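Below, each chain spelled out in residue letters.
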Amino acid sequence: MDSAPALAISDITDADVPALIALWQRCGLTRPWNDPAADIALARRGDNATVLVGRSGGAIAASVMVGHDGHRGWVYYVSVDPEHRGHNHGRAIMAAAEDWLRARGIAKLMLMVRGDNTAVQEFYQALDYAVQDSVVFSKWLDGRPPTPGMK
């Protein structure tokens, strides 16, 4: 791996939102049924969640949305800009999310990965995350039909 400047990790600012959404789109993380701007706003609204961004050379190179329900921590939108991959930025942004949760007394971090995303599954296994035997259920509370691809 090439030598690269360490990430400067901080909470997102208002000015970061358009660049962050563009990063999530480049990384293939957005879906038509989720509004990324609304997701960011919701995470920033309370004390139980935030969005962390990692900057390299002033540009956003990585991000994670992290939060907790008082019992378990969760991460979403974990991303590393394709132009910044191979510099351990994914490890760094996940470590920042773990530290954020530890600082709030949360002992367990959970995350979901789409079944066909084997490269990302390997990434998390390399970070000592284990696959759990669980089934995830979902329901749109606004009456929408199930998300495409759901059973």
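Every value quoted in this text rests on a predicted model; they were computed, and no experiment measured them. Note that residues are indexed from 1 along each chain, following the sequence as it is written. In keeping with the predicted nature of the model, local features appear solely for residues at pLDDT of at least 70, side-chain atom pairs appear and are counted solely at 80 or more, and the whole-chain, interface and lining totals rest on all residues. With hydrogens and water stripped out, all remaining heavy atoms of the structure feed into the side-chain values.

Q: Any chance you could explain the environment of Ala 97 here in plain terms?
A: Going along the chain from the N terminus, every DSSP run of H or I of four or more residues is numbered as a helix, and every run of E of two or more is numbered as a strand. Structurally, Ala 97 can be placed in helix α3 (residues 89–102). The cut-offs for exposure are 20% and 50% of the maximum accessible area for each residue type, with area from a 1.4 Å probe on protein chains only; residues under the lower value are buried, those over the upper are exposed, and the others partly exposed. A relative accessible area of 0% means that Ala 97 is categorised as buried. Ala 97 sits 22 residues away from Val 75 along the chain, and the two C-alpha atoms are 7.5 Å apart. When near neighbours in sequence (up to four residues on either side) are disregarded, Ala 97 contacts Leu 52, Val 64, Val 66 and Val 75. The criterion used for residue contact is that any of the two residues' heavy atoms lie within 4.5 Å.

Q: Help me out: how do you make sense of unusual backbone geometry in this one?
A: Of all residues except glycine, most have a negative phi; of all peptide bonds, most are trans. In this model, Tyr 77 sits at a positive phi of 50°, which is unusual for a non-glycine residue. Secondary-structure assignment places Tyr 77 in strand β4 (residues 73–80). Judged by relative accessible area, Tyr 77 falls into the buried class, the value being 12%.

Q: Help me understand helix α1 (residues 17–26) in this model?
A: Of the positions making up α1, those classed as buried are Val 17, Leu 20, Ile 21, Leu 23 and Trp 24. The buried residues of α1 all sit within an arc of 155° when viewed along its axis, so they share a single face. Where α1 is buried, its residues touch α2 (36–45), β2 (49–56), β3 (59–68) and β4. Trailing α1 by a residue or two, Gly 28 shows a phi angle of about 75°, which is positive. What the arc covers is the set of directions going from the helix axis to the C-beta atoms.

Q: Is there a simple way to explain a nonpolar patch on the surface in this structure?
A: A cluster of nonpolar side chains, contributed by Tyr 76, Met 112 and Val 136, occupies part of the molecular surface with about 290 Å² of accessible area. Along the chain, the position of Val 136 falls in the segment after α4 (118–126). Patch criteria: residues need more than 30% relative accessible area and no salt bridge. Like-charged residues are merged within 9 Å; nonpolar side chains of Val, Leu, Ile, Met, Phe, Trp and Tyr are merged within 5 Å. The Shrake-Rupley method, run with a 1.4 Å probe, gives the accessible areas here. Residue values count only the displayed protein chains as cover. Note on definitions: salt bridges are taken to be side-chain nitrogens of Lys or Arg within 4 Å of carboxyl oxygens of Asp or Glu.

Q: Help me understand the sheet that holds strand β1 (residues 8–11), please; the structure alone is not making it clear to me.
A: Paired through their backbone hydrogen bonds, the strands of a sheet run either parallel or antiparallel. Paired strands, as defined in this entry, are two strands with at least two bridges between them according to DSSP. Within the open sheet, the 5 strands sit side by side as β1-β2-β3-β4-β5. Their pairing is mixed. Because the sheet does not close on itself, it has two edges, and the strands there are β1 and β5 (109–110). Relative to β3, β2 runs antiparallel, the two sharing 8 bridges. Looking at β3, one finds that Arg 55 is bridged to Ile 60.

Q: Please clarify how α2 should be interpreted in this entry.
A: The periodicity of an α-helix, 3.6 residues per turn, causes residues three or four positions apart to be oriented the same way. Pro 36, Ile 40 and Ala 43 are the residues of α2 that are buried. For α2, the arc enclosing every buried residue in end-on projection is 65°, short of the 170-degree limit, so these residues lie on one face. Away from its buried face by more than 90 degrees, α2 exposes Leu 42 and Arg 45. Contacts made by the buried residues of α2 are with α1, β2, β3 and β4. Any pair of N or O atoms that falls within 3.5 Å is considered a polar contact. Within protein, one atom must be able to donate a hydrogen and the other to accept it, and sequence-neighbouring residues count only if both atoms are side-chain atoms. You can read the cap of α2 off the contacts: a side-chain oxygen lies 3.0 Å from the backbone nitrogen of Ala 37, and it is on Asp 35.

Q: What's the story with the pattern of salt bridges in this structure? I'm lost.
A: Oppositely charged side chains can form a pair if their charged atoms are brought close together. Considering all chains together, one arrives at 6 salt bridges under this definition. In this structure, Arg 26 engages Asp 81 in a salt bridge whose closest nitrogen and oxygen atoms are separated by 2.6 Å. Separated by 55 residues along the polypeptide, Arg 26 in helix α1 and Asp 81 in the loop between β4 and α3 bring together distant segments of the chain. With a relative accessible area of 8%, Asp 81 lands in the buried category. Where Glu 98 meets Arg 102, a salt bridge forms, and the shortest distance between an N and an O atom there is 3.6 Å. Taken together, the residues span about one helical turn, with Glu 98 and Arg 102 both in helix α3 at a distance of 4 residues. The exposure class of Arg 102 is exposed, given its relative accessible area of 52%. A single salt-bridge network, built from bridges that share partners, covers Glu 98, Asp 99 and Arg 102.

Limitation: the analysis is restricted to geometry and does not speak to function.
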